[in-house]
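Single-letter residue listing:
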Amino acid sequence: FTLAAVVGAAEKKMAMAKPVTIEGTLIDTKCYAMSSTNKGNDHMTPDGNKVACAAACAKMGIPVALLTAKGEIIVILSPAPAFKDHMAHVARVTGVKAYKGSAIVPDKAEVRGEDGTWTEVSTREMM
């Protein structure tokens, strides 16, 4: 097998996959991995409370994930800075699952505002 054949097979498999929509709270994976209490934008670290830590992590490119109501963590395979202004908000992402369901390649991402309305977030933003 060549690398091109392997990549081609993976792309074909993803193209055939059925899109899903997943809803959850946007978390930064690094701080959540250190402590599951780090679900909001402010995080407790060994150096004390860090205000807007999740936003800073997303801005630096730390992967962002959805924490679902069932406690699942689904990594969003998109540039993290796209979500920097929405950390700790509820989001819904539509796309194809990857890595045995632990990640999603987004076609569309939306964030729910305080007024309950959904606003689309561009997941094409570069780091």
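Anyway, here's the lowdown on the structure attached to this text.

Rules used in this analysis
Residues numbered from 1 in each chain as written. Predicted model: local features only at pLDDT ≥ 70, side-chain atom pairs only at ≥ 80, totals over all residues. Heavy atoms only, no water. Salt bridge = Lys/Arg side-chain N within 4 Å of Asp/Glu carboxyl O. Helix = DSSP H or I, 4+ residues; strand = E, 2+ residues; numbered from the N terminus. Buried < 20%, exposed > 50% of the residue type's maximum accessible area, 1.4 Å probe, protein only. Pairing = 2+ DSSP bridges. Polar contact = N/O pair within 3.5 Å; in protein donor to acceptor, adjacent residues only side chain to side chain. Contact = heavy atoms within 4.5 Å.

**Some points on the pattern of salt bridges**
Turning to step 1, where the next piece is worked out: This model, assessed by the stated rule, comprises two salt bridges.
Turning to step 2, where the next piece is worked out: With a closest N to O distance of 2.7 Å, glutamate 110 and arginine 92 form a salt bridge. Of this pair, glutamate 110 sits in strand β7 (residues 103-112) while arginine 92 sits in strand β6 (residues 90-98), placing them 18 residues apart in sequence.
Turning to step 3, where the next piece is worked out: We note a salt bridge from glutamate 110 to lysine 108, for which the minimum N-O separation is 3.8 Å.
Turning to step 4, where the next piece is worked out: For glutamate 110, a relative accessible area of 13% corresponds to the buried category.
Turning to step 5, where the next piece is worked out: Judged by relative accessible area, lysine 108 falls into the partly exposed class, the value being 35%.
Turning to step 6, where the next piece is worked out: Each member of the salt-bridge network shares a partner with another, and the members are Arg92, Lys108 and Glu110.

**What about the pairing of strand β4 (residues 64-67)?**
Turning to step 1, where the next piece is worked out: Burial of the side chains of β4 extends over both faces: Val64 and Leu66 are buried on one face and Ala65 and Leu67 on the other.
Turning to step 2, where the next piece is worked out: Of the pairings in the sheet, the one linking strand β1 (residues 20-28) to β4 comprises four bridges and is antiparallel in character. Bridge pairing in β4 links isoleucine 27 to alanine 65.
Turning to step 3, where the next piece is worked out: Pairing of β4 with strand β5 (residues 73-76) involves three bridges; the strand directions are antiparallel. Counterpart to alanine 65 in the pairing with β5 is valine 75.

**Quick word on the side chain of serine 78**
Turning to step 1, where the next piece is worked out: Counting through the fold element by element, serine 78 comes out in the loop between β5 and β6.
Turning to step 2, where the next piece is worked out: Within the local environment of serine 78, its side chain forms a polar contact with the backbone oxygen of threonine 123, the two atoms lying 2.8 Å apart.
Turning to step 3, where the next piece is worked out: If we skip the residues at most four places from it in the chain, serine 78 touches Phe83, Pro106 and Thr123.

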